Amino acid sequence: MLALSTLVDYLIGLALENQKEKSVRRSLLVLSLCVNIGILAFFKYFNFFLESWTEAWGGLGVNFNISSLNIILPVGISFYTFQTLSYIIDIYRGKIKATKNFINFAAFVSFFPQLVAGPIERAANLLPQFRRKKRFIPSQIIFGLNLILWGLFKKIVIADNCAIYADSIFRNYENLNSATLLLGAFYFSFQIYADFSGYTDIAIGVAKLFGYDLMRNFNYPYFSRNIGEFWRRWHISLSTWFRDYIYIPLGGSRVGEWYRIRNILIVFLLSGFWHGANWTFLIWGGIHAALFIPLLITKTNRKYLNPKHSNSIFPSFRELLKILGTFSLVTFAWIFFRSESVSAAFEYIKRIFMSLKFDIEYLPIERFSVELVLLLLIFIGFEWFHRMAEHPFTGKLKWLKITVVVFMLLTLGVYSDYQEFIYFQF
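Just so it is clear, the structure is predicted and the values come from calculations on it, not from any experiment. (Residues numbered from 1 in each chain as written. Predicted model: local features only at pLDDT ≥ 70, side-chain atom pairs only at ≥ 80, totals over all residues. Heavy atoms only, no water.)

## A word on the confidence of the model for the protein chain
It should be kept in mind that the predicted coordinates are not to be read in detail where pLDDT is low. Of all residues in the protein chain, 83% attain a pLDDT of 70 or more, and the chain-wide mean is 83. Predicted confidence for residues 417-426 stays below pLDDT 50, and this span has 17 contacts to residues more than four positions away or in other chains. (pLDDT = per-residue confidence, 0-100. Contact = heavy atoms within 4.5 Å.)

## A look at the side chain of S178
By the element assignment, S178 lies in helix α7 (residues 178-209). Assessed through its relative accessible area of 0%, S178 is described here as buried. At 2.3 Å, the side chain of S178 and the backbone oxygen of I352 are in polar contact. (Helix = DSSP H or I, 4+ residues; strand = E, 2+ residues; numbered from the N terminus. Buried < 20%, exposed > 50% of the residue type's maximum accessible area, 1.4 Å probe, protein only. Polar contact = N/O pair within 3.5 Å; in protein donor to acceptor, adjacent residues only side chain to side chain.)

## With respect to helix α4 (residues 102-109)
Since the α-helix turns once every 3.6 residues, residues separated by three or four places project in the same direction. Among all positions of α4, only N104, F105, A106, F108 and V109 are buried. As for α4, its buried residues are in contact with α1 (2-18), α3 (77-92) and α5 (123-131). The N-cap of α4, judged by a side-chain oxygen 3.0 Å from the amide nitrogen of I103 a few residues on, is N101.

## A closer look at empty space enclosed by the protein
Taken as a whole, this structure holds 3 cavities of 30 Å³ or more when the rule is applied. In this structure, the largest cavity spans a volume of roughly 100 Å³. Lining the largest cavity are 16 residues, and of these K154, D201, F218, E390 and H391 sit closest to its centre. Counting only elements with at least two residues in the lining of the largest cavity, the list comes to α6 (138-171) and α7. Counting residues per element, the lining of the largest cavity draws most heavily on α7, at 5 residues. Per-class residue counts for the lining of the largest cavity are 6 nonpolar, 5 polar and 5 charged. (1 Å grid on protein atoms, 1.4 Å probe; cavity = no way out; pocket = protein on both sides within 12 Å on 5 of 7 lines; lining within 4 Å. Points joined across faces, edges and corners; volume = space filled by probe spheres on them. Nonpolar A, V, L, I, M, F, W, Y, C, P; charged D, E, K, R; others polar.)

## Focus on the nonpolar core
In this structure, Y87, F108, I158, Y187, Y222, W234 and W334 are the most contacted members of the largest nonpolar core, which totals 109 residues. The greatest single-element share of this core, amounting to 13 residues, is contributed by α7. Excluding anything up to four places from it in sequence, W234 contacts I192, Y193, N217, F218, P221, Y222, S239 and W334. (Core = buried A, V, L, I, M, F, W, Y, C linked by side-chain atoms within 4.5 Å.)

## Some thoughts on the packing of helix α9 (residues 236-247) against helix α10 (residues 257-275)
Close contact between α9 and α10 brings their axes to 11 Å; oriented N to C, the two are set at 130°. For the element pair α9 / α10, the angle class is oblique. Crossing angle aside, the handedness with which α9 passes α10 is right-handed. On α10, the residues touching L238, F242, I246 and Y247 of α9 are R260, N263, I264, I266, V267, L270, S271, W274 and H275. Here the residues of the contact of α9 with α10 are counted per class, giving 9 nonpolar, 3 polar and 1 charged. (Axes fitted to C-alpha atoms, helices over the stretch in contact; angles between N-to-C directions. Parallel < 35°, antiparallel > 145°, perpendicular 65-115°, else oblique. Left-handed = near helix turned anticlockwise from the far one by under 90°.)

Right, here's the structure in full:
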């Protein structure tokens, strides 16, 4: 599938470059969209649409005896599909020229550090780097290794250990009280952030070792002060892709208010559906749309365009309330993202409010790790102190970085063994 997408879009790109007739250019663009989205839709969404269709008719009393296909989803298909589509659309718009070197284009589509989980690169940024002569720059190598270490710390120490507790809580939510269910949502919030951003740091770091610069994909999103700012900080390569290739072509903010609301709803629903073939992801996208639309109506969605917070060591009380409020809303939406089904998500939320026992004494001890909570607090503090920097290992506070590197090396070793104990215990 990767080879097919690469070959098709390489040839279509060359044809677009040499074609001046608008109708032919439009046909070539539609051909690329049909091939790429058709492949993605079949492998990722065929069974979902088939099951939804049969269930809909079943509700009307018409039963179809249709079995789903045993489809194996190709690794990274959602990422490289969007990457090649952006290449074709940018050529169609005249923003870039088609590359005639097939090896360079194939390397752009299948660049191994970011192939599996992003960031979704643009051709204008990555393609020219394959033509650039590489030099050995020690500072770049050190920075890349630091990022790889930081990404491994986030993945192995934070994400993997949060996953153990979050999985246990979400599996047994029917028998747990409010405090434990809230703790499960809290664990999952940090699991998905540390997992995804950890992989991105590793990808950017590995690319640095080879002399390539990948775009930033996360900008300390849990320090956001509203949902608009959150989406400028979370999975930046995906949110900007939807902005440039879906939202703006639909009219963006240049149209009337009702059309702007429609455009936002479409973008967020598509964003949810992109993450997975389940109604839970669509509802997750719908929740974020519902949280974003009031900001759009009140024209406060772009209030925090400057991502920097106050320069003080600690946030102001008002700033802290906004951060905690946004984090709580995002965490609530993550419940749908993590749940196996829509009914399970609603039941999970219902049980949070049914058994209102928030005292720590009601937490089952095997699902509450003091060590993990302390690690999360250290992790949050480290990111807060580096919130002004593009990456945690840029800027000042060298002594703190050295301390954290030593701390990460120790915890990586300890937690790789500790996980085996936790898995055995569960």
